[in-house]
Amino acid sequence: MTASPTPSLTSSPEWKSLQKHFDAIKNVHLRQMFADDPQRGRTMTVEGSGLYLDYSKNRVTAETISLLIRLAESVDLQDRIEAMFTGEKINLTEGRAVLHTALRAPAGSTVMVDGVNVVPEVHAVLDKMSAFCDRVRSGDWKGHTGKRIRNIVNVGIGGSDLGPVMAYESLRHFTQRDMTFRFVSNVDATDFAEATVDLDPAETLFIIASKTFTTIETMTNADTARTWLIEGMGGDKSAIPKHFVALSTNAEKVSAFGIDTANMFEFWDWVGGRYSMESAIGLSTMLAIGPQAYREMLGGFHEMDVHFRTTSLDKNLPVLMGMLSVWYSNFFECETTAVLPYEQYLKRFPAYLQQLTMESNGKFVTTDGGEVDYETGMIYWGEPGTNGQHSFYQLIHQGTRLIPCDFIAFGKSLNPIGPHQDILIANVLAQSEALAFGKTADEVRAEGTEEWLVPHRTFKGNRPSNTILADAMSPRMLGRLVALYEHNVFVQSVVWNIDAFDQWGVELGKVLAKNIIPELSTSASAELNHDSSTNELIRRYRSMK
């Protein structure tokens, strides 16, 4: 069923008002904005769920924020938020509800999908996960030879890998250190080989994460893992049930693989892959940090959910960040956003956000089937500070592209050693200050710099950034941060009138790859019917085998 076409976003009165306002302030420097409003560093801040957002170093005024909120209201953002939380099928192209928020709803809550309260099902799976993790972590669950399980290998791809990897690295401080955790995602054999090279099969448990148990990359790696285990057990196939568990909904294929379906942990079609890290997909995370800490993480997610659902739009962290992204994408024509965590434990957070943001909003078709006439889906990227400062910050400071930045920092280090934390925080504050205000040619000259060198040491500034401050990294804090960006992405999609919860763009390449695989055999005789480039590359690959 095709929805009725909606008027173009860019023809709306709210958009036109923003365009007129943008034309008036687009060349105003942040130095001038701070001079005109000396209190903006205090007033352009919001706080919620343990996060403090300073957005004063953005190229906005109070009027900008007011106009952006008016645009959000014009697309019924509050109603769309409520539709998501109440289980409406807002994933239109797949006819599904979008209820990652139900995964962290407290026991006793009610979230209805097709007339069924899904919260009891969610907590039943959580309880099953908890019981299993307690057995493995305590040593009660033994491998086939009676040895304790000490190695966990998560086998998945996309959301079944990026979320667990990011969560493990982010919460490594809280993990059980006598256990080893590895993650295999790439179908490149090197990924599996390096993940298992130093592991004892008798002490290794594989988690196979695939909803359908048909994902080609995951199942290829799973088959290799099964072969590796059986060979390590002297050919004993009966070892499989003690060394494999499944995160899936396909009991038939799980059983055919050799996994006991009693050790299959389910999730639901209203959980998208990139939103699934707190579902059964998080089993490796729970094994690493324990059930109690895992539930604390879910509590952090829920706190941000409540903030997003109940806080007025102008004080709402995900809404403000989402609308600022719209501002930079559609009016300043920025193409990328840098996410810069000044916390080593968050080193994989930018990579996780790449899938969350770009798989969600990388769309050119509106929910009613029309083609957008505005940009959608900025590119997200980044590295932890201070490493990035000695790498790509040069381009952010003095390059020709405008790159909005999100700085993330914490008041306390989980590893307080000497002056490290003060130096780290001094750097994050200095970077946002330098980006905003730069250094004028006159200031450079005043330092005694030779005239020929002045242009090279001048910084234009006027480079926007958000600064997110929080107390310390923890499971609860990670939940808050991930939910902040989940909802930020959703806000953008509502404004752009696109479906943030499907991902048809990943399908075409998969289909073509399945067609090409049998053609790569050196004995293949079928005529090649691709374009001339692909045909020649296939022939060249055959000759290289």
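Going by the annotation in an unreviewed UniProt entry, the name recorded for the chain is Glucose-6-phosphate isomerase, with Rubripirellula reticaptiva given as the source organism. UniProt, in the comment section headed Sequence similarities (unreviewed entry), describes the chain in these words: "Belongs to the GPI family." The heading Catalytic activity (unreviewed entry) in the UniProt record of the chain holds the text "alpha-D-glucose 6-phosphate = beta-D-fructose 6-phosphate".

Take the packing of aromatic side chains next. Remark: the centre distance and the inter-plane angle together describe each pair of aromatic rings, the angle taken between the planes. Across all of its chains, the model carries 27 aromatic pairs by this definition. Arranged with centres 6.1 Å apart and planes meeting at 50 degrees, the rings of Y342 and F407 form a pair that is tilted. Of the two residues, Y342 sits in the loop between β10 (336-341) and α15 (349-361) while F407 sits in strand β12 (residues 405-410), which places them 65 residues apart along the sequence. Among the aromatic residues, those joined into a cluster by ring pairs are W15, F22, W327, Y328, F331, F332 and Y374. Above the face of the F34 ring, R40 is positioned so that its terminal group lies 5.1 Å from the ring centre.

Bridging between strand β1 (residues 45-48) and strand β2 (residues 51-54) involves four bridges; their strand directions are antiparallel. By the bridge assignment, E47 is partnered in β2 with Y52. If you look at the hairpin formed by β1 and β2, you'll find two residues sitting between the two strands, and S49 has a positive phi there, around 55 degrees. Here β2 runs beside strand β13 (residues 465-470); their pairing, made up of three bridges, is antiparallel.

Another aspect to go through is the pattern of salt bridges. This structure, assessed with the given rule, holds 24 salt bridges. A salt bridge links R309 to E82; its shortest N-O distance comes to 2.5 Å. Remark: E82 occurs in helix α5 (residues 77-85) and R309 occurs in helix α13 (residues 291-310); sequence separation between them is 227 residues. Take E82: its relative accessible area is 32%, and that puts it in the partly exposed class. Between R172 and E169 there is a salt bridge whose closest N-O contact spans 3.1 Å.

The next subject is the domain arrangement of the chain. If you check the domain split of the chain, you get domain 1 (21-86 + 311-496), domain 2 (101-294) and domain 3 (506-544). For domain 2 versus domain 3, the separation of C-alpha centres amounts to 33 Å.

On to the sheet that holds β2. Reading across the sheet, the six strands line up as β1-β2-β13-β12-β10-β11 and stay open at both edges, with mixed pairing between neighbours. The strands lining the two open edges of the sheet, one partner per strand, are β1 and β11 (379-381). Averaged over all adjacent pairs, the angle separating strand axes in this sheet is 15 degrees, with direction ignored. As judged from the four bridges shared by β10 and β12, these two strands associate in the parallel manner. Looking at the pairing, A338 lines up with C405 of β12. Of the strands in this sheet, β12 and β13 touch helix α17 (residues 420-437), which is tilted by about 155 degrees from β12.

Cut-offs used in this document
- Residues numbered from 1 in each chain as written.
- Predicted model: local features only at pLDDT ≥ 70, side-chain atom pairs only at ≥ 80, totals over all residues.
- Heavy atoms only, no water.
- UniProt positions renumbered as here; feature names shortened; annotations may be inferred.
- Phe/Tyr/Trp six-rings, centres within 6.5 Å; stacked < 30°, edge-to-face > 60°.
- Helix = DSSP H or I, 4+ residues; strand = E, 2+ residues; numbered from the N terminus.
- Lys NZ or Arg CZ within 6 Å of the ring centre and 35° of its normal.
- Pairing = 2+ DSSP bridges.
- Salt bridge = Lys/Arg side-chain N within 4 Å of Asp/Glu carboxyl O.
- Buried < 20%, exposed > 50% of the residue type's maximum accessible area, 1.4 Å probe, protein only.
- Domains from an automatic or database assignment.
- Axes fitted to C-alpha atoms, helices over the stretch in contact; angles between N-to-C directions.
- Contact = heavy atoms within 4.5 Å.

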